[in-house]
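Structural characterization, general
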Amino acid sequence: MNSFIRIRGISKHFGDFVAVDNVDLDIAKGELFSILGGSGCGKTTLLRMLAGFEIPTSGTIEIDGVDVTHQAPYDRPVNMMFQSYAVFPHMSAAKNIAYGLQKERLAKKEIERRVDEMLQLVQLGDFRNRKPDQLSGGQRQRVALARALIKRPKVLLLDEPLAALDKKLRERTQFELMNIQDELGVTFVVVTHDQEEAMTLSTRIAVMEKGRFLQIGTPLEIYEYPSSKFVADFIGTINIFEGTVRRIDDDSMVIDCEEAGATLTALGKHDVVVGQKVSIAVRPEKIFVGKNEPDNDDDTKVSGVVHDLGYLGNLSIYRIQLANGKVVLVSSQNRRRSATRFLEWEDQVWISWRPRSAVVLLD
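All residue numbers here refer to positions counted from 1 along the written sequence of the relevant chain. The predicted nature of this model means local features are confined to residues of pLDDT at least 70 and side-chain atom pairs, given and counted, to a pLDDT of 80 or more, with totals for whole chains, interfaces and linings taken over all residues. Only hydrogens and water are set aside; all other atoms, that is, all heavy atoms of the structure, feed into the side-chain values.

What follows covers the overall build of the protein chain. For the purposes of this entry, the term helix denotes a DSSP run of H or I that reaches at least four residues, the term strand denotes a run of E that reaches at least two, and both are numbered from the N terminus. Along the protein chain, the regular secondary structure elements total eight helices and 20 strands. With respect to the principal axes defined by its C-alpha atoms, the protein chain has extents near 75 × 55 × 35 Å. Throughout this description, buried means an accessible area under 20% of the type-specific maximum (1.4 Å probe, protein chains only), exposed means over 50%, and partly exposed covers the range between. Relative to its 363 residues, the protein chain shows a buried fraction of 48%. The contacts in the protein chain between residues at least 6 apart in sequence include a share of 66% that link residues at least 24 apart. Only the protein chains shown count as cover for residues, and the accessible areas themselves come from Shrake-Rupley with a 1.4 Å probe. By element, 46% of the accessible surface of the protein chain is carried by carbon and sulfur atoms, the whole surface being about 18600 Å². Looking at charge distribution, the protein chain has the averaged site of its 47 positive side-chain charges lying 8 Å from that of its 50 negative ones. Working rule for contacts: check all heavy atoms of both residues, and any pair within 4.5 Å makes them a contact. Residues counted as positive are Lys and Arg, residues counted as negative are Asp and Glu, and His and the chain ends are not counted. For charged residues, the charge sits on one atom: NZ in Lys, CZ in Arg, CG in Asp, CD in Glu.

Here is the structure:
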């Protein structure tokens, strides 16, 4: 990959506390890249170092082949959109967007032309004269985005850009943000704690914890093939079983799992030995549930009781309690319209999943 943003050995210490711990990262030109992690993991500190608001304790940052590690924020080809949006309350939408160009003393006609372009891009042409208190949260977010983009930065940094929006508006704005980024071709780096937001927006994601990257990959790679228990548990919902490797075949392994009360099969090659303790992870949507024992002998099959259930419209969620007390979460798509539930509390059921649905985790 040709690196447009190249980070090497970046660390940031605040006294004895290590906020970012010797990380490397390559981001391609035009990517919409997300850094995902919980509070205090170091993601915002890393974003601030990219912006120039924090100076690294060690390491280097290059943007488009230029070392910017010690450059001032205003000398970098970067702009940043803050979580609070920070729009000026006394200015109209158009004047907010124009502010950066006016500070650069561009010609009035050029400013007007570029402001008009931006207003059309963010679909605020009819709201140009409204002040922030006359705009919705989503509209204020788009004003802040247009103001950040109008100076045509090579990189736009976004710190929790959709956190202030309600769920429906956030979902709609995610796609608007993707369309704008695709149209402009600007490299976006997004910091978020919202797994769904990162999965929807990103070409690639870096999962961060305690100042380090645990896994970098596409949303599909990180969701389907997590590299650790932390990543598997942090991204979405997952069932994890502990077991011992009984046999290793060419492309699969057999695991004795007392928790499941069964022998599990998982596909894939791993650097393990017979007798080693491993974890097996299975997503709820990969598990089938029914009242009859499945016919397929290749599947993992375990019996249990419906301990709890929830109806979410498009999905039904079941918590199945196995004989030893372990509870397994299962999600089932509601494809048929019905006033009665497929399963009820205390029903005796079988759950099953295919070998390729199980992922072996080594930590």
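Attention now goes to the sheet that holds strand 8 (residues 187-192). With mixed pairing, the six strands of this open sheet are ordered in space as 6-7-8-3-9-10. The open sheet has two edge strands, strand 6 (78-81) and strand 10 (212-217), and neither has a second partner. Averaged over all neighbouring strand pairs, the angle between strand axes comes to 20°, with direction disregarded. DSSP calls a pair of strands paired once it identifies at least 2 bridges connecting them. Sheet analysis places strand 9 (residues 204-209) next to strand 10, joined by five bridges and oriented antiparallel. Among the inter-strand pairings, Met208 is bridged to a residue of strand 10, identified as Phe213. A fitted line through C-alpha atoms represents every axis, and for helices the fit uses only the stretch in contact; the resulting angles, taken between N-to-C directions, go from 0 to 180 degrees. Contacts from helix 4 (residues 137-149) reach strand 6, strand 7 (155-159) and strand 8 within the one sheet, and its direction differs from that of strand 6 by about 170°.

So, about the sheet that holds strand 20 (residues 359-361). Read across the sheet, five strands follow the order 13-12-11-14-20 without closing on themselves; strand pairing throughout is antiparallel. In the strand order of this sheet, the two ends are held by strand 13 (262-267) and strand 20, each with one partner. Ignoring which end each strand starts from, the neighbouring axes of this sheet average 45° apart. Judged from the six bridges that link them, strand 11 (residues 239-248) and strand 14 (residues 277-282) form a sheet pairing that is antiparallel. Note that in strand 14 the partner of Glu242 across the bridge is Ser279.

Below, the discussion takes up the packing of aromatic side chains. A pair of Phe, Tyr and Trp rings is counted when the ring centres sit within 6.5 Å of each other, with Trp represented by its six-membered ring. The angle between the planes then sorts it: under 30 degrees is stacked, over 60 is edge-to-face, the rest tilted. Tallying each qualifying case throughout the model produces three aromatic pairs. A ring pair is formed by Phe230 and Phe234, whose centres lie 5.6 Å apart and whose planes are at 10°; its orientation type is stacked. In this pair, Phe230 and Phe234 are both assigned in helix 8 (residues 229-234), four residues apart and thus about one turn of the helix distant. Residue Phe234 is classed as buried on the basis of its relative accessible area of 16%.

Across soluble globular proteins, nonpolar side chains have a tendency to be buried as a group. Think of a nonpolar core as a cluster: buried Ala, Val, Leu, Ile, Met, Phe, Trp, Tyr and Cys residues, connected wherever their side-chain atoms sit within 4.5 Å. If you look at the biggest cluster of nonpolar residues, it comprises 31 residues, and the most contacted ones within it are Ile97, Val115, Leu145, Leu149, Leu156, Leu158 and Phe188. Elements with a contribution of two residues or more to this core: helix 2 (93-103), helix 3 (108-121), helix 4, strand 7, helix 5 (167-184) and strand 8. The element contributing the most residues to this core is helix 4, with six residues. Setting aside residues up to four positions removed in sequence, Leu156 forms contacts with Asn79, Met80, Met81, Leu145, Ala148, Leu149, Val186, Thr187, Phe188 and Val189.

Next up on the list: the pairing of strand 3 (residues 32-36). Burial analysis of strand 3 places five of its five residues in the buried class, the great majority of the element. Residues Leu32, Ser34 and Leu36 of strand 3 are buried on one face, and the alternating residues Phe33 and Ile35, pointing to the opposite face, are buried as well. As paired strands, strand 3 and strand 8 are joined by five bridges and run parallel to one another. Each bridged residue has a counterpart across the sheet, and for Leu36 the counterpart in strand 8 is Thr192. Here strand 3 pairs with strand 9 via four bridges, running parallel.

Our focus in this paragraph is unusual backbone geometry. Even without being glycine, Arg152 reaches a positive phi, approximately 55°. Position of Arg152 relative to the elements: it lies in the loop between helix 4 and strand 7. The backbone of Glu346 sits at a positive phi, close to 70°, despite the residue not being glycine. As for its position among the elements, Glu346 is in the loop between strand 18 (327-333) and strand 19 (348-353).

What follows covers the environment of Arg246. Considering the arrangement of structural elements, one finds Arg246 in strand 11. The class for Arg246 is partly exposed, based on a relative accessible area of 45%. Placed 73 residues apart in sequence, Arg246 and Thr173 show a C-alpha to C-alpha distance of 49 Å. If we skip the residues at most four places from it in the chain, Arg246 touches Val254, Ile255, Asp256, Thr263 and Val274.

Treat this as a map of the structure, not an account of what it does.
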